[in-house]
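One letter stands for each residue in the lines below.
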Amino acid sequence: MTRDPAWLTEGLDDLKREHLLRPRRVVESLGPGHSRVDGQELVDFSSNDYLGLARDPRLAQAAAAAPVGAGASPLVSGRSPQYCRLEESLARFEKTEAVLLFPSGFAANLGTITALMGPDDAVFSDQRNHASLIDGCRLCRARLHIYHHQSLDRLRRQLAEAADARRRLIITDGLFSMDGTIAPLVQLADLAVEFDAMLLVDEAHATGVLGPSGRGSCERLEIEQRVTLRIGTLSKAVGAAGGFVAGSRALIDHLWHHARTQVFSTALPPATCAAAELGLQLIDREPNRRDHLEQLGNRLRQHLAGLGLETHSEDGPIVPVILGSAAAAVEASSLLAQHGHFVPAIRPPSVAAGTARLRISLSAAHSDHNIDRLAEALTLVAAGEVTAHE
Ligand SMILES: *Cc1c(COP(=O)(O)O)cnc(C)c1O
């Protein structure tokens, strides 16, 4: 073995000193909502399995009945019957003309933004957008305007400055993954019309969760008809894996030819498509999962308000508890683990320095009792037993 260069080991030492080393945990499913984490049985508040479908045996059965390998890119020979059925079901579910599948949500964002935008164009991106949207913006080489989280005044000025660009694209998360806040989509759609821009909404955390039918934040705010394209993932509430774009027939045809992350990557496995298709059907057939999840969120937010813990999220299954320093967040997370709860600490660079937090992700697999027990454990965090060490 060659000797590691000094910068490599120094960089890791820096991470350790700043409480930013990421553990490689082994997380084993003990059924919906519960996991064995490095050997310890915990109620799992870490996962994006919002509806408790990822570990549903029915999805495993659906996957087991289909081939595993797709063999090639969709453009070559990877479009299996399961793949085609999933595209059709998704288009029906999303109520759009067409849908295109990608190997992951990350790939969907990267491939879509780079296929739509180029050096003569301007993109407008919320500062707290997901990393895959940020990387898509960088890779497409359009002029990049970053606006402060939900700052519409700033965005309006930037749009006015970019009047000479060939194309304009406003990009936002629907439900922000670190904050649990919903984007001001009505105002964004108004700005898009006013400045002749396209609007892209990433529904990764909202598909299956928000809106009367579970189509996401755009359905919730009744602006689906005013959005150019919606991007979603099959890896969160749907319980499987893969990404998709929903939009007009022409848009999907364009992406089919130009989105490099699906042109040059092997298609989603038929087994994954079969599981995702069943996940979608269950979102339709079992709306009580969505209702229960919403009630759990309300219950937890009430507890937090009672404890005086700061959370900015008003809605949805993501409930952050902002603590400040990375060390405080790590310590709070291990305190909760001692009491039987797996709640990850979210630290820079996932969030801005000084805003490290616990992120509680709720799932329909949780019970009221799980929430009340978690709130009890959080009283220790609220009592300052954690931040006192700072
Ligand atoms: C998780 C996530 C993605 C990526 O989806 P994957 O299917 O996990 O690759 C994209 N955007 C947002 C906002 C996400 O939270």
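The structure displayed is predicted, hence computed values, not measured ones.

Calculation rules
- Residues numbered from 1 in each chain as written.
- Predicted model: local features only at pLDDT ≥ 70, side-chain atom pairs only at ≥ 80, totals over all residues.
- Heavy atoms only, no water.
- Axes fitted to C-alpha atoms, helices over the stretch in contact; angles between N-to-C directions.
- Helix = DSSP H or I, 4+ residues; strand = E, 2+ residues; numbered from the N terminus.
- Left-handed = near helix turned anticlockwise from the far one by under 90°.
- Contact = heavy atoms within 4.5 Å.
- Nonpolar A, V, L, I, M, F, W, Y, C, P; charged D, E, K, R; others polar.
- Disulfide = S-S within 2.5 Å.
- Buried < 20%, exposed > 50% of the residue type's maximum accessible area, 1.4 Å probe, protein only.
- Domains from an automatic or database assignment.
- Buried area = accessible area lost by both parts, 1.4 Å probe.
- Polar contact = N/O pair within 3.5 Å; in protein donor to acceptor, adjacent residues only side chain to side chain.
- Pairing = 2+ DSSP bridges.

## Looking at the packing of helix α2 (residues 57-64) against helix α11 (residues 270-285)
Then, number 1: For the pair α2 and α11, interaxial distance at closest approach is 7 Å and the crossing angle is 145 degrees. In the crossing of α2 with α11, the sense of the turn from one axis to the other is right-handed. Packed against α2, whose contacting residues are Arg58, Leu59, Ala62 and Ala63, the element α11 presents Ala271, Ala274, Ala275, Leu278, Gly279 and Leu282 at the interface.
Then, number 2: Of the residues belonging to the contact of α2 with α11, the class tally is eight nonpolar, one polar and one charged.

## Thoughts on the state of the cysteines
Then, number 1: Tallying each qualifying case throughout the model produces zero disulfides.
Then, number 2: Its sulfur unpaired, Cys218 is 17 Å from the next cysteine sulfur, which belongs to Cys137.
Then, number 3: Free cysteine: Cys273, not disulfide-bonded; nearest cysteine sulfur from Cys84 at 8.8 Å.

## Description of unusual backbone geometry
Then, number 1: Of the consecutive residues Pro348 and Pro349, the connecting peptide bond is found in the cis state with omega at 10 degrees.
Then, number 2: Examined against the element boundaries, Pro349 turns out to sit in the loop between β13 (345-346) and β14 (356-361).
Then, number 3: We note that His19 has phi near 60 degrees; this positive angle belongs to a residue other than glycine.
Then, number 4: You can call His19 partly exposed: its relative accessible area is 41%.
Then, number 5: Residue Asp196 is not a glycine yet carries a positive backbone phi of 50 degrees.
Then, number 6: Mapped onto the elements of the fold, Asp196 is located in the loop between α7 (185-194) and β8 (198-202).

## Side note on the domain arrangement of the protein chain
Then, number 1: Entries for the protein chain in the domain assignment read domain 1 (14-44 + 287-382) and domain 2 (57-285).
Then, number 2: Put simply, the middle of domain 1 and the middle of domain 2, counted by C-alpha atoms, are 27 Å apart.
Then, number 3: Tallying the contact residues gives 17 residues for domain 1 and 21 residues for domain 2.
Then, number 4: Carbon and sulfur atoms supply 52% of the area that domain 1 and domain 2 bury against each other, a total of about 1,400 Å² over both sides.
Then, number 5: Contact with domain 2 buries area across many residues of domain 1, yet Arg290, Asp315 and Ile318 alone supply 42% of it, more than any other trio.

## Examining the side chain of Arg357
Then, number 1: The topology assignment puts Arg357 in strand β14.
Then, number 2: Residue class for Arg357 comes out buried when judged on its relative accessible area of 4%.
Then, number 3: Within the structure, Arg357 has its side chain in polar contact with the backbone oxygen of Met178 (distance 2.8 Å).
Then, number 4: Not counting residues up to four positions away in its chain, the partners in contact with Arg357 are Met178, Asp179, Pro320, Val321, Ile322, Leu323, Ala329, Pro344, Ala345, Ile346 and Val351.

## What about the sheet that holds β13?
Then, number 1: Taken together, three strands build an open sheet; the order of strands is β11-β14-β13 and the sheet is antiparallel. Every interior strand has two partners, whereas the edge strands, β11 (318-324) and β13, have only one.
Then, number 2: Note: β11 against β14, six bridges, orientation antiparallel. Paired with Pro320 across the two strands is Arg359, which belongs to β14.
Then, number 3: Packing against the sheet, helix α12 (residues 288-307) makes contact with β11 and β14, and its axis sits at approximately 25 degrees to β11.
Then, number 4: Packed on one face of the sheet, helix α13 (residues 326-338) meets β11, β13 and β14 and runs near 35 degrees to β14.

## Brief notes about the side chain of Glu219
Then, number 1: Counting through the fold element by element, Glu219 comes out in helix α8 (residues 217-220).
Then, number 2: Classification of Glu219 by relative accessible area gives buried; the value is 7%.
Then, number 3: At 3.2 Å, the side chain of Glu219 and the backbone nitrogen of Gly214 are in polar contact.
Then, number 4: Not counting the four nearest positions on each side in its chain, Glu219 is found in contact with Leu210, Gly211, Pro212, Ser213, Gly214 and Glu224.

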